[in-house]
Amino acid sequence: MEGVGEEEMEGVDHLAHERNKSEFDVDAMKIVWAGSPHAFDVSDRISKLVASDPGFRKDNRSTLSRKELFKNTLRKAAYAWKTIVDLRLSEEEAAKLRFYVDEPAFTDLHWGMFIPAIKGQGTEEQQQKWLPLAYKMQIIGCYAQTELGHGSNVQGLETTATFDSQTDEFIIHSPTLTSSKWWPGGLGKVATHAIAYARLIVGGREHGVHGFIVQLRSLEDHSPLLGITVGDIGMKFGNGAYNTMDNGVLQFDHVRIPRNQMLMRVSQVTCEGKYKQSDVPRQLVYGTMVYVRQTIVADASCALSRAVCIATRYSAVRRQFGSQNGGPETQVIDYKTQQSRLFPLLASAYAFRFIGEWLKWLYADVTQRLQANDFSTLPEAHACTAGLKSLTTTATADGIEECRKLCGGHGYLCSSGLPELFAVYVPACTYEGDNTVLLLQVARFLMKTVSQLGSRLSSKKPVGTIAYMTRVEHLMQCRCGVQRGFAELSADLVEAAVAHCQLIVVSKFIEKLQQEIPGKGVKQQLEVLCNIYALFLLHKHQGDFLSTGCITPKHAALANDELRSLYSQVRPNAIALVDAFNYTDHYLGSILGCYDGNVYPKLYEAAWKDPLNESVVPDGYHLYIRPLLKQEIRTARL
Ligand SMILES: CCCCCCCC/C=C\CCCCCCCCCC(=O)SCCNC(=O)CCNC(=O)[C@H](O)C(C)(C)COP(=O)(O)OP(=O)(O)OC[C@H]1O[C@@H](n2cnc3c(N)ncnc32)[C@H](O)[C@@H]1OP(=O)(O)O
Ligand SMILES: Cc1cc2nc3c(=O)[nH]c(=O)nc-3n(C[C@H](O)[C@H](O)[C@H](O)COP(=O)(O)OP(=O)(O)OC[C@H]3O[C@@H](n4cnc5c(N)ncnc54)[C@H](O)[C@@H]3O)c2cc1C
């Protein structure tokens, strides 16, 4: 192109100079980020498969109407399924393909909640009947728990399931408007079946909330079955974004289902109408939520790392001020303020990756114990999944917004990928448990632990976390010491719960570094990131740390000095550290974050593709603007 300088040429890696600064083996770090060589291979292969297939394009989402957007989502879901079947992809590869298609859809709830609920709360017989149908997608399921009037308070749900011993059936009914099921993903237009949560009534006696498999739509013509009123709840936050998902409303009008469609692993109803509660904690009915919360923590590291990748690459491309003698302006990534905002988020992305790995292990461990009727670690598993889901999603949502701001004006363009990422991600702070409600569960666990163990919450933490542990104990003692009720102290206890979760993240990051980590300079980079994560939080919450007396103001000042030094150590490695996420440009969906850093020509080209630029003179000019411009110039009385 005429006048195109070297800096704007296509096919040139405009970040090569940054990549050459790297002080560690990026390919080895890619394996660490993926979790194993096998996991890296699957991710790398599937992400490239999706990126290279025009059937999975997503650059037009923000210009489609809700109906076009949703139809396109259905097309993609069907195309993804055909790809999975035609290529005979494994369950792991199929899950990765749905992940890289990167579009909230009914399949998330079918695979992410409907199937896990049957696996976790169904009897062997129920699993044998329903799972094969679900795995082959011969039925499509959703998880219908939340109602118009209740979401957080599961025990407040109003839908009823009344046992009719005459017919050996349950009658599922929505007694009030507020008992309408409201929010379940996939429910609005697609799901043929639901796991519906309802108050079990047997012989006139209530037995709390249980799960029931209910068919909603005909498998012949998709019409709602008798007694079922179902639809979509309407547009949600942002364009595109989560509007690819049909979150639905559902009312039951005395819908009858066979007795064997109550999920009966935890408790049973016999044909004689006898209710039997197994000798397991009733909270196992909540097991699916615990499972999803631990997956959401892994999701957080993915979403945050995407935003950080975009902001880091663009911060290396963007130059503003600082030109010396007509030379190039300063890369904004070199400003200390930019580093102090960006690098803690980079460190958090890695920290959340590793805590997600640990939580996956904890969940697998507690699941194995449950099979042996060992419930000893269930309270800790609940507290950890609830608290870490809350901590990581809040930090990630805030982090994505911070990354948008780190990109200046261009971060506000849809083509930056950040507005869409934010709009899709933020409900994670609410779904699967409102983050405050979940922290209250952690606070309750801490209160019980303190009362059982006395002052020390746990001595099983690495030395480097003594300050963090003392902070939690102090925050708890300050609250538990005074004789005021839990409700009165709840805002303070939530702060202690956050501190407890931050302690877990820091200690698991330190434990990760005690493992064998291959690759030149890789462990050193992770040590820098771990120190940034720990010292950034210490700096942010230094009031807590100082008030516990475990650090002095001098320590706090030294920690801040060390942070600045650590930012300087990360700086030459920043681009390589985000390259290690191994995201394709397709998955990132961001011009600012494109691998080659050739941002300006791509931004300029993308602008002209906007539908508004299909005509030079906009629709409406002749009707509204021309008359305005041509009106008689009246003698103004102004
Ligand atoms: C383009 C960019 C893309 C970016 C990437 C985006 C990523 C996302 C991608 C795609 C999106 C699609 C995926 C989305 C999937 C998520 C969909 C969301 C689904 C839902 O929201 S399902 C509904 C979720 N609802 C909830 O979470 C409800 C929350 N409420 C509760 O869990 C409970 O009501 C409660 C725990 C708050 C209270 O329960 P209650 O029975 O009243 O119990 P308590 O009295 O409080 O406690 C009694 C006792 O039980 C213990 N306990 C409580 N819960 C549990 C549990 N789950 N397990 C074990 N034990 C539990 C509690 O500690 C008490 O113990 P104690 O008596 O103190 O010893
Ligand atoms: C995008 C999206 C997808 C969803 N998908 C599904 C799905 O597939 N299936 C499903 O069943 N549900 C789904 N939900 C519903 C979701 O699980 C609930 O919205 C969530 O559990 C929060 O409950 P709520 O809406 O009742 O919030 P509320 O509890 O009404 O929260 C409102 C405010 O009250 C506060 N609050 C509530 N209780 C307390 C308390 N005891 N102490 C202090 N403060 C309190 C909260 O902190 C919050 O600030 C989805 C929601 C969204 C947004």
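Residues numbered from 1 in each chain as written. Chains lettered and ligands numbered in written order. Predicted model: local features only at pLDDT ≥ 70, side-chain atom pairs only at ≥ 80, totals over all residues. Heavy atoms only, no water.

1. As for the overall build of the chain
Phase 1 of the analysis: Regarding its fold elements, the chain presents 21 helices and eleven strands.
Phase 2 of the analysis: Its C-alpha atoms give the chain a radius of gyration of 27 Å, within 12% of the compact-globule value 26 Å for 638 residues.
Phase 3 of the analysis: For the chain, the C-alpha atoms occupy an extent of roughly 90 × 70 × 70 Å along the three principal directions.
Phase 4 of the analysis: Burial status across the chain gives 52% buried among its 638 residues.
Phase 5 of the analysis: A separation threshold of at least 6 residues defines the contact pool for the chain, and within that pool the share at least 24 residues apart is 74%.
Phase 6 of the analysis: Carbon together with sulfur atoms contributes 56% to the accessible area of the chain, which is approximately 29,800 Å² in total.
Phase 7 of the analysis: Within the chain, the 68 negative side-chain charges are centred at a point lying 3 Å from the centre of the 67 positive side-chain charges. (Helix = DSSP H or I, 4+ residues; strand = E, 2+ residues; numbered from the N terminus. Rg over C-alpha atoms; globule rule 2.2 N^0.38 Å. Buried < 20%, exposed > 50% of the residue type's maximum accessible area, 1.4 Å probe, protein only. Contact = heavy atoms within 4.5 Å. Areas by Shrake-Rupley, 256 points an atom, 1.4 Å probe, with all protein chains shown as cover. Lys, Arg positive; Asp, Glu negative; His and termini not counted. Charge placed at Lys NZ, Arg CZ, Asp CG, Glu CD.)

2. Here we look at empty space enclosed by the protein
Phase 1 of the analysis: Inspection of the entire model under this criterion finds three cavities of 30 Å³ or more.
Phase 2 of the analysis: Of the pockets and cavities examined, the largest cavity occupies roughly 150 Å³.
Phase 3 of the analysis: Along its surface, the largest cavity is lined by 14 residues, and Ala 77, Ala 80, Arg 98, Val 101 and Thr 107 are the ones closest to its centre.
Phase 4 of the analysis: For the lining of the largest cavity, the elements supplying multiple residues, two or more each, are α4 (66–86), α5 (91–101) and α6 (106–121). (1 Å grid on protein atoms, 1.4 Å probe; cavity = no way out; pocket = protein on both sides within 12 Å on 5 of 7 lines; lining within 4 Å. Points joined across faces, edges and corners; volume = space filled by probe spheres on them.)

3. Here's the deal with the UniProt feature "domain: Acyl-coenzyme A oxidase N-terminal" (unreviewed entry) in the chain
Phase 1 of the analysis: Within this numbering scheme, the UniProt entry marks residues 25–140 as carrying the feature "domain: Acyl-coenzyme A oxidase N-terminal" (unreviewed entry).
Phase 2 of the analysis: Secondary structure across residues 25–140 comprises 72% helix and 0% strand; the distance between its end C-alpha atoms is 44 Å. (UniProt positions renumbered as here; feature names shortened; annotations may be inferred.)

4. A word on the site of ligand 2
Phase 1 of the analysis: Not every one of the 20 residues close to ligand 2 is listed here, only the nearest: Tyr 143, Thr 146, Ser 152, Gly 185 and Asp 434.
Phase 2 of the analysis: Within the side chain of Thr 146, a nitrogen or oxygen atom sits 2.8 Å from a nitrogen atom of ligand 2.
Phase 3 of the analysis: Gly 151 is positioned such that a nitrogen or oxygen atom in its backbone is 3.1 Å from an oxygen atom of ligand 2.
Phase 4 of the analysis: Against a free-state accessible area of 970 Å², the protein chains account for coverage of 62% of ligand 2.
Phase 5 of the analysis: Counting residues per element, the shell around ligand 2 draws most heavily on helix α12 (residues 435–453), which supplies three residues.
Phase 6 of the analysis: Its residues assigned to classes, the shell around ligand 2 shows nine nonpolar, nine polar and two charged. (Near = heavy atom within 4 Å. Polar contact = N/O pair within 3.5 Å; in protein donor to acceptor, adjacent residues only side chain to side chain. Nonpolar A, V, L, I, M, F, W, Y, C, P; charged D, E, K, R; others polar.)

5. Structural notes on the confidence of the model for the chain
Phase 1 of the analysis: Chain-level statistics for the chain give a pLDDT mean of 93 and a share of 95% at 70 or above.
Phase 2 of the analysis: Across the predicted assembly, pTM comes out at 0.95 and ipTM at 0.97. (pLDDT = per-residue confidence, 0-100.)

6. Here's the deal with the nonpolar core
Phase 1 of the analysis: The biggest cluster of nonpolar side chains holds 158 residues, and the ones touching the most others in it are Leu 346, Tyr 350, Leu 388 and Leu 526.
Phase 2 of the analysis: Beyond its immediate sequence surroundings of up to four residues, Leu 388 is in contact with Val 297, Ile 355, Trp 358, Leu 359, Cys 501, Ile 504 and Val 505.
Phase 3 of the analysis: The next biggest cluster of nonpolar side chains, apart from the first, holds 26 residues, and it includes Ile 172, Ala 191, Leu 200 and Met 264. (Core = buried A, V, L, I, M, F, W, Y, C linked by side-chain atoms within 4.5 Å.)

7. As for the environment of His 193
Phase 1 of the analysis: If you trace the backbone, His 193 turns up in strand β5 (residues 193–202).
Phase 2 of the analysis: Separated by 51 residues in the primary sequence, His 193 and Cys 142 place their C-alpha atoms 6.6 Å from one another.
Phase 3 of the analysis: Once residues within four sequence positions are removed from consideration, His 193 is found in contact with Phe 114, Trp 130, Ile 139, Ile 140, Gly 141, Cys 142, Ile 213, Val 214, Gln 215, Leu 216 and Leu 219.

8. Here we look at the side chain of Gln 294
Phase 1 of the analysis: The residue Gln 294 is located in helix α8 (residues 287–317) in this model.
Phase 2 of the analysis: Given a relative accessible area of 6%, Gln 294 falls into the buried group.
Phase 3 of the analysis: Contact partners of Gln 294, with chain neighbours within four places excluded, come to Leu 359, Lys 360, Tyr 363 and Thr 385.

9. Quick look at helix α14 (residues 486–513)
Phase 1 of the analysis: Spanning 28 residues, α14 covers 37 Å between terminal C-alpha atoms, matching the ideal 40 Å at 1.5 Å per step.
Phase 2 of the analysis: Its maximal kink placed at Asp 492, α14 deviates by approximately 45°. (Expected span 1.5 Å × (residues − 1). Bend = angle between axes of the 7 residues up to and from the residue.)

10. Some thoughts on the pairing of strand β3 (residues 169–173)
Phase 1 of the analysis: With respect to burial, β3 is a largely interior element, four of its five residues being buried.
Phase 2 of the analysis: When strand β2 (residues 160–164) meets β3, the two strands line up antiparallel, connected through five bridges. Bridging from a neighbouring strand, Phe 163 pairs with Phe 170 of β3.
Phase 3 of the analysis: Hairpin connection of β2 to β3: four residues between the antiparallel strands, including Asp 168 at a positive phi of 60°.
Phase 4 of the analysis: Taken together, the four bridges between β3 and strand β9 (residues 255–258) define a ladder with antiparallel strand orientation. (Pairing = 2+ DSSP bridges.)

11. Considering the site of ligand 1
Phase 1 of the analysis: Taken together, 32 residues lie around ligand 1, and Ser 152, Tyr 286, Glu 432, Arg 444 and Lys 448 are the ones closest in.
Phase 2 of the analysis: For ligand 1, an oxygen atom lies 2.4 Å from a polar atom in the side chain of Tyr 286.
Phase 3 of the analysis: Contact between ligand 1 and Gln 441: an oxygen atom at 2.9 Å from a side-chain N or O atom of the residue.
Phase 4 of the analysis: When isolated, ligand 1 has an accessible area of 1,400 Å², and the protein chains bury 82% of it.
Phase 5 of the analysis: The greatest single-element share of the shell around ligand 1, amounting to five residues, is contributed by α8.

12. A word on the layout of surface pockets
Phase 1 of the analysis: One number sums up the size of the second largest pocket: a volume of about 600 Å³.
Phase 2 of the analysis: Along the walls of the second largest pocket sit 26 residues, with Ala 395, Asp 398, Gln 502, Leu 537 and Lys 540 positioned nearest its centre.
Phase 3 of the analysis: Secondary-structure elements contributing two or more residues to the lining of the second largest pocket are α9 (336–371), α10 (378–406), α14 and α15 (522–540).
Phase 4 of the analysis: In terms of residue count, the dominant contributor to the lining of the second largest pocket is α10 (seven residues).
Phase 5 of the analysis: Across the lining of the second largest pocket, the residue classes tally to twelve nonpolar, seven polar and seven charged.

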